[in-house]
Amino acid sequence: MKKYFVIGDPIDHSLSPKLHNYWLKENNIQAIYDKKKINKDEIKNIIKDVKDEKIHGLNVTVPFKNLVLPFLDQLTPKAIMTQSVNTIFKEADEVIGDNTDIGGFDLSLKYFSEDLKNKKIFILGAGGVTSSIILALKNSGVSKIFLSNRTKEKAENLKKIHKDLEIIEWGRITDFDIIINTTSLGLKEEDEIKLDLSKLNSNKLFYDVIYNPDKTKFLEKAEKLGNRILNGKMMFIYQAQLSFKIWHDVLPEVNDKVIKILN
Ligand code: ATR
């Protein structure tokens with residue numbers, strides 16, 4: 001039976017096995033999908049398992065989306081542009097890294113009919129998924145992207161690629177229409193993003209890439225202040241749909257039942 005894994009650390013929160021195993025069953029595909037917590041030193045071996053066809057595909061999550069790159073034989077153009085890989089597969093004896101986060105984020109905005117044209121965006125974080133979000137935003141015609149990250153150097157590295165980014169000190173706030181949390185802050189119960197939201201007008205959109213918990217403190221606070229909120233659930237579902245297509249050549253259906261099983 002073919003085997004697929006999502007690798008990351010932490011990994012307990014991941015709903016990828018639930019979603020992929022549901023779609024595998026729905027589409028009568030004989031395969032199994034599981035999650036695996038790994039450390040940095042294990043990346044090489046697990047990618048070798050893909051080469052040896054002991055494993056048939058991998059999803060990659062926090063904090064390995066950039067770290068897997070040196071171990072792959074090939075990258076798709078999207079993976080090269082973002083230097084971020086969330087989907088790994090083997091083709092013609094080569095282990096290839098691809099990126100379905102760009103498509104996942106883009107499809108989630110379309111699902112919610114969010115028009116980003118001429119909007120000012122404030123991104124928090126400069127981790128593995130951030131470059132995918134920047135790319136998707138640029139394709140949607142936003143007017144300005146501000147970015148803030150605890151480690152300023154990582155924000156500056158992104159600015160080297162996207163020269164029109166404006167960097168904001170971590171903890172400071174700027175004027176925006178949409179704020180997107182791309183950090184892993186919020187995965188743990190005690191996590192909090194310390195930003196003073198009190199002087200902002202309400203009715204902004206707060207988007208958190210995190211989908212489990214379904215309402216992070218960041219979103220909870222924003223909602224209480226009268227803002228609209230979206231979590232990362234639809235982005236998660238659509239990136240998974242695109243990975244599934246790569247591995248099985250079937251585009252599984254995104255419908256209410258799929259959305260419900262992840263609750
Ligand atoms: P991945 O690459 O898989 O997305 P990552 O590179 O570890 O994972 O990215 C995590 C993001 O969350 C980074 O922007 C990280 O900020 P740093 O670059 O300063 O590490 C951010 N992050 C994680 N824990 C944080 C914390 N306690 N406070 C502020 N930012 C945090």
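Here the structure is a predicted model, which is why all the values come from computation and not from measurement.

**Student:** Would you mind going over the pairing of strand β6 (residues 94-98) in detail, with residue names and values included?
**Tutor:** Looking along a regular strand, one sees side chains alternate from face to face of the sheet. β6 sits mainly inside the fold: four of its five residues count as buried. Bridge count between strand β5 (residues 87-91) and β6: five bridges; the pairing is antiparallel. The residue bridging Ile88 from the neighbouring strand is Gly97, located in β6. Hairpin geometry of β5 and β6 is characterised by an intervening segment of two residues between the two adjacent antiparallel strands and by a positive phi of about 50 degrees at Ala92.

**Student:** Could you give an account of the nonpolar core, naming the residues involved and the relevant values?
**Tutor:** Grouped together as the largest cluster of nonpolar side chains are 26 residues, with contacts concentrated most on Phe105, Ile123, Ile133, Leu137, Leu147, Ile180 and Tyr207. Counting only elements with at least two residues in this core, the list comes to α4 (101-111), β7 (120-124), α5 (130-139), β8 (144-148), α6 (152-161), β10 (178-181) and β11 (205-208). Of all the elements, α5 adds the most residues to this core, at five residues. The contacts of Ile123, once residues within four sequence positions are left out, are Thr130, Ile133, Ile134, Leu137, Ile145, Phe146, Leu147, Ser148, Ile180 and Thr182. Of all hydrophobic cores here, the second largest spans 23 residues; its members include Ala31, Tyr211, Tyr238 and Trp247.

**Student:** Summarise the sheet that holds strand β9 (residues 166-167); cite the residues concerned and give the values.
**Tutor:** Ordered by their spatial adjacency, six strands build an open sheet running β9-β8-β7-β10-β11-β12, and the pairing between neighbours is parallel. Two strands close off the open sheet at either side, each with one partner strand: β9 and β12 (228-230). One ladder, built from four bridges, connects β10 with β11; its direction is parallel. Among the inter-strand pairings, Ile180 is bridged to a residue of β11, identified as Tyr207.

**Student:** Explain α4 to me, using residue names and the numbers behind them.
**Tutor:** Those residues of α4 that sit buried are Asp101, Ile102, Gly103, Gly104, Phe105, Ser108 and Leu109. Next to the buried residues of α4 lie α3 (77-82), α5, β10, β11 and α8 (233-248). Phi turns positive, to about 50 degrees, at Ser113, one or two residues after α4.

**Student:** Which residues make up the packing of helix α1 (residues 16-26) against α8, and what values go with them?
**Tutor:** Between α1 and α8, the least distance of the axes is 11 Å, while the angle of their chain directions is 50 degrees. Between α1 and α8, the crossing angle belongs to the class labelled oblique. The interaxial crossing formed by α1 with α8 has right-handed handedness. Contact with α1, carried on its side by Ser16, Leu19, His20, Trp23 and Leu24, involves Phe236, Ile237, Ala240, Gln241, Ser243, Phe244, Trp247 and His248 of α8 and no other residues of that element. Residue composition of the contact of α1 with α8, by class: eight nonpolar, five polar and no charged.

**Student:** Report on the domain arrangement of the protein, specifying residues and quantitative values.
**Tutor:** Here the domain parsing of the protein yields domain 1 (2-99 + 235-261) and domain 2 (103-231). Contacts between the two partners involve 19 residues from domain 1, matched on the other side by 19 residues from domain 2. Between domain 1 and domain 2, roughly 1600 Å² of surface is buried when both sides are summed, and carbon and sulfur atoms account for 70% of that area. A per-residue breakdown of the area domain 1 buries against domain 2 is headed by His13, Met235 and Tyr238, which together make up 40% of the total. Applying the counting rule to domain 1 against domain 2 returns zero salt bridges.

Thresholds, definitions, all that
Residues numbered from 1 in each chain as written. Predicted model: local features only at pLDDT ≥ 70, side-chain atom pairs only at ≥ 80, totals over all residues. Heavy atoms only, no water. Buried < 20%, exposed > 50% of the residue type's maximum accessible area, 1.4 Å probe, protein only. Helix = DSSP H or I, 4+ residues; strand = E, 2+ residues; numbered from the N terminus. Pairing = 2+ DSSP bridges. Core = buried A, V, L, I, M, F, W, Y, C linked by side-chain atoms within 4.5 Å. Contact = heavy atoms within 4.5 Å. Axes fitted to C-alpha atoms, helices over the stretch in contact; angles between N-to-C directions. Parallel < 35°, antiparallel > 145°, perpendicular 65-115°, else oblique. Left-handed = near helix turned anticlockwise from the far one by under 90°. Nonpolar A, V, L, I, M, F, W, Y, C, P; charged D, E, K, R; others polar. Domains from an automatic or database assignment. Buried area = accessible area lost by both parts, 1.4 Å probe. Salt bridge = Lys/Arg side-chain N within 4 Å of Asp/Glu carboxyl O.

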